[in-house]
Amino acid sequence: MFETERLRLRELRQSDLSLVLEMFNNYEFQENGGVDYTVPRGDNFIEGWAGWAKSCLFFAIIEEKESSKFLGFIALKISVTKNRDAEFTIGIIASEWGQGFGTEASRWLIGYGFRGLNLHRISLTVAATNDRAVAVYRKVGFVEEGRKRAAMWSQGKWVDHIMMGILEKEFLLA
Ligand SMILES: CC(C)(COP(=O)(O)OP(=O)(O)OC[C@H]1O[C@@H](n2cnc3c(N)ncnc32)[C@H](O)[C@@H]1OP(=O)(O)O)[C@@H](O)C(=O)NCCC(=O)NCCS
């Protein structure tokens, strides 16, 4: 439905669910994504995840335009409608990291979030050790707004959560 230079952002289909499960059944993906315990995930997980996807204001599967290869997903979820503040989430399959896909999809969705969906702010929480995600978020305009100290147990130690956000007025000025 939506396209960027290399990507197509389209609706979730039943046939995507096995690919999504495969994406989550990767140690680094789960550990960085910080869902909960990093454990093998099966049918219960994917059912819950599909329910979450349905509850989002915006949800899209990311695929490569040329090959239609599944690359991941991207979403915005609103909890309190009045505030027009959406929580941003993205996941790219580990084998495709580092090719700029995360940046390309994020940049597009931030633009659409403000111009198309009339959001006031876009927010997210990321583990301080998730260098790749933090790099993407800073690149597309998110700024650090605060830290929740020792919020997440990861690989034998407590890790901070970084709260980041981007405001409509900052985006429109940029
Ligand atoms: C976060 C994620 C979406 C990024 O996707 P991606 O397609 O790999 O991102 P890009 O290729 O666009 O950009 C990665 C950037 O991280 C940088 N990077 C990679 N490893 C890094 C490291 N160890 N330290 C700092 N920066 C790093 C790259 O240099 C690149 O920036 P550049 O283009 O300026 O060089 C992807 O890694 C992912 O799905 N991770 C698992 C799930 C997750 O963490 N989701 C976010 C939860 S908050």
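Residues numbered from 1 in each chain as written. Predicted model: local features only at pLDDT ≥ 70, side-chain atom pairs only at ≥ 80, totals over all residues. Heavy atoms only, no water.

1. A short note on the sheet that holds strand β7 (residues 143–154)
Here comes step 1: Spatial ordering of the open sheet is given by β1-β2-β3-β4-β5-β6-β8-β7, a layout of eight strands whose pairing is mixed. Unpaired on one side and paired on the other, β1 (2–3) and β7 mark the two borders of the sheet.
Here comes step 2: Taken together, the two bridges between β1 and strand β2 (residues 7–10) define a ladder with antiparallel strand orientation. In the strand pairing of β2, glutamate 3 is matched with arginine 8.
Here comes step 3: Contacts from helix α3 (residues 43–54) reach β3 (58–64), β4 (70–78) and β5 (85–92), with the element oriented near 55° to β4. (Pairing = 2+ DSSP bridges. Helix = DSSP H or I, 4+ residues; strand = E, 2+ residues; numbered from the N terminus. Contact = heavy atoms within 4.5 Å. Axes fitted to C-alpha atoms, helices over the stretch in contact; angles between N-to-C directions.)

2. Section: the UniProt feature "domain: N-acetyltransferase" (unreviewed entry) in the protein
Here comes step 1: When the UniProt feature table is mapped onto this chain, "domain: N-acetyltransferase" (unreviewed entry) is found at residues 7–169.
Here comes step 2: Annotated as 33% helix and 36% strand, the span residues 7–169 places its first and last C-alpha atoms 27 Å apart. (UniProt positions renumbered as here; feature names shortened; annotations may be inferred.)

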